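Fold and geometry: a report
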Amino acid sequence: MTDTLRPVETPLASTPDSSQRKLKRSIGVVGGTLLTLSCVTPASTLFVVVPDLFGSLGTATALTIAVGSLLCVAVAFCYSELGTLIPSAGGEYAMVSTLAGRLAGWLVFVLSLLVVMIVPPVIAMGTADYLVPIVDLDPSLAGAGVMLLATLAGLLDLRANAWITGVFLVLEVIAAAVVAVLGFAHSERGPGSLASMEVAGADGGPDTVTAVLVVSGLAIALFVTQGFSTAVYLSEELENPRRNVARTVLATLGISAVIILVPVVAITMGASDLRELTGGDIGAMVTAWSNSAVGTFVSLCVALAIVNAGIVMVIQNSRVLFASARDKAWPEPVNKVFAKLGRFGSPWVSTLAVGVPGAVLCFVDLDTLYGVTGVSVTGMYLLVAVAALLSRRGAHRHTPAWRMPLWPAMPVLLIAVLAYVLSRQETTHLLWTGGITAVATLYWALYLRPRRDTRWLVSIPEDARA
């Protein structure tokens, strides 16, 4: 981790084909926030991910998400400072490589790659459940269709995608608002139930949710609002990134936390009993609170939200792969292919490389991958916090950037909490993630490190340093 980066001081323009590797600055805070909120995809998170939390945490779900959102404030501070200090489409890996060393950056890249490859197909497969009022589809086929549609949209100009995802975002916010209003209007229990820490047992009676379960659930709770980091991936396409990256990150986290947490509170209070709450069938609750027409409307809005999430995740993930090729993470023929830009200014090969495999993954059993994703997100945040702790040493101390309050206490506290959360995860999920990380470390040791002058050269676009 002490291996420092020379290429950060090397102008990107010095490479022969740099003109073909420069993304176009075309969006401001509003467009960036729409795209980033769409990656958080509050409605699809609420309807696809949160039901699993209800199943294991019951009435403690809202509390767990609230604690996770508070932790994400500290994470967002780290992202905002590092994203303006190192504005690169590489996102986490560019920031961590520059500040904590190339090996740490490589491991962050691998963890982020795990997340970006697993999450879109898992979310996309949830589309079938919410199309049931209209058509009965196989979840794998529906998920694959969503991934292919998202891939086609990802080939378009980023500004066009900002408008497309903005329209879808409005619909999913409406769906979340309908759920919140109906839940509060049909409350079966008071606000005190949010702290009751109960879940339905096997016999239908209440079981106590332990603090250990809540801590374990924090890994998924962190994932619930994880999409705010997309603003960092878009930093090369945001106008005035030194100012707009931080604004987009913090605004997105605040808005998404409200959109997700308020309906969760309403559902907790409005569920008829613990068994219904633990079952997590939000669509059935909405129909019971209103009528089938409203339930169908909400379900279709959720289906659109999932498509929306797929589009933005493909956009984000393709930028990560594009940046890794530009920074020479792979053998040269692979780098040249992944760094190609299409007629709309998007990295079209990288877009296909993340979208098509995502469609294939919809036919794989992904039941255990939620746990792997939670571990990967927590580990990634941990390394970002370490980089934030090192962000004000040497030349970086005087670099113009947004600076977080309460530094260094904020990253130190975050490191301690995230390390504890990791220690409470299931051994199987830790072993899967650890094994993949070990293989990545071998690739670093055997291929990247011996070629340190020609491989893994993390760079920052010239106009971002102005």
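Residues numbered from 1 in each chain as written. Predicted model: local features only at pLDDT ≥ 70, side-chain atom pairs only at ≥ 80, totals over all residues. Heavy atoms only, no water.

Turning to a nonpolar patch on the surface, a few remarks are in order. Residues Leu148, Trp348, Leu352, Val356 and Val360 make up a contiguous nonpolar surface patch of roughly 420 Å² in combined accessible area. Sorting elements by how many residues they give to the nonpolar patch places helix H16 (residues 348–361) first, with four residues. Of note, valine 360 is situated in helix H16. (Patch = residues over 30% accessible without salt bridge, like charges linked within 9 Å, V, L, I, M, F, W, Y side chains within 5 Å. Areas by Shrake-Rupley, 256 points an atom, 1.4 Å probe, with all protein chains shown as cover. Salt bridge = Lys/Arg side-chain N within 4 Å of Asp/Glu carboxyl O. Helix = DSSP H or I, 4+ residues; strand = E, 2+ residues; numbered from the N terminus.)

Moving on, we get to the nonpolar core. Generally speaking, soluble globular proteins have nonpolar side chains that are buried together. Judged by nonpolar contacts, the single largest core of 145 residues is most densely connected at Phe47, Tyr79, Trp106, Phe228, Ile267 and Trp456. Here this core gets 17 residues from one element, more than from any other, and that element is helix H14 (residues 292–326). Not counting the four nearest positions on each side in its chain, isoleucine 267 is found in contact with Leu46, Phe54, Val179, Leu277, Ile282, Met285 and Trp289. (Core = buried A, V, L, I, M, F, W, Y, C linked by side-chain atoms within 4.5 Å. Buried < 20%, exposed > 50% of the residue type's maximum accessible area, 1.4 Å probe, protein only. Contact = heavy atoms within 4.5 Å.)

To continue, consider the packing of aromatic side chains. Evaluated as defined, the whole model comprises 15 aromatic pairs. Geometrically, the ring pair formed by tyrosine 79 and tyrosine 381 is edge-to-face, given 6.0 Å between the ring centres and 85° between the ring planes. Of this pair, tyrosine 79 sits in helix H3 (residues 61–85) while tyrosine 381 sits in helix H17 (residues 369–389), and the two are 302 residues apart along the sequence. Of the residues examined, tyrosine 79 reaches a relative accessible area of 0% and is grouped as buried. Residue tyrosine 381 is classed as buried on the basis of its relative accessible area of 0%. Taken together, a centroid distance of 5.8 Å and an interplanar angle of 65° make the contact between tryptophan 106 and tryptophan 330 edge-to-face. Residue tryptophan 106 is found in helix H5 (residues 102–124), and its partner tryptophan 330 is found in the loop between H14 and helix H15 (332–338); the two are separated by 224 residues along the sequence. (Phe/Tyr/Trp six-rings, centres within 6.5 Å; stacked < 30°, edge-to-face > 60°.)

Moving on: the pattern of salt bridges. Counted under the stated rule, the structure contains four salt bridges. Between glutamate 332 and lysine 328 there is a salt bridge, and its shortest N-O distance comes to 3.7 Å. Judged by its relative accessible area of 23%, glutamate 332 is partly exposed. Residue lysine 328 is classed as buried on the basis of its relative accessible area of 17%. Salt bridges here are not isolated pairs; linked through shared partners, they connect Glu81, Arg392 and Arg403.

The end-to-end C-alpha distance of helix H2 (residues 42–57) is 19 Å, clearly below the 22 Å that 16 residues give at a rise of 1.5 Å each. Valine 50 marks where H2 bends most, by close to 40°; the proline proline 51 follows one to four residues later. Within H2, 13 of the 16 residues are buried, which leaves it mostly tucked inside the rest of the structure. Once H2 ends, the next one or two residues include glycine 58, with phi positive near 55°. (Expected span 1.5 Å × (residues − 1). Bend = angle between axes of the 7 residues up to and from the residue.)

Turning our eyes to something else, we now look at the side chain of threonine 84. Among the structural elements, threonine 84 can be located in helix H3. Residue class for threonine 84 comes out buried when judged on its relative accessible area of 0%. Only 3.0 Å separates the side chain of threonine 84 from the backbone nitrogen of tryptophan 402, close enough to count as a polar contact. In this structure threonine 84 touches Pro241, Arg242, Val245, Ala246, Pro400, Ala401 and Trp402, once residues within four positions along its chain are discounted. (Polar contact = N/O pair within 3.5 Å; in protein donor to acceptor, adjacent residues only side chain to side chain.)

Below, the discussion takes up unusual backbone geometry. The omega angle of the peptide bond from tryptophan 407 to proline 408 is 5°, so this bond is cis rather than trans. Inspection of the secondary structure assignment puts proline 408 in the loop between H17 and helix H18 (409–423). The backbone of lysine 328 sits at a positive phi, close to 60°, despite the residue not being glycine. In this structure, tryptophan 456 is a non-glycine residue whose phi angle is positive, near 55°.

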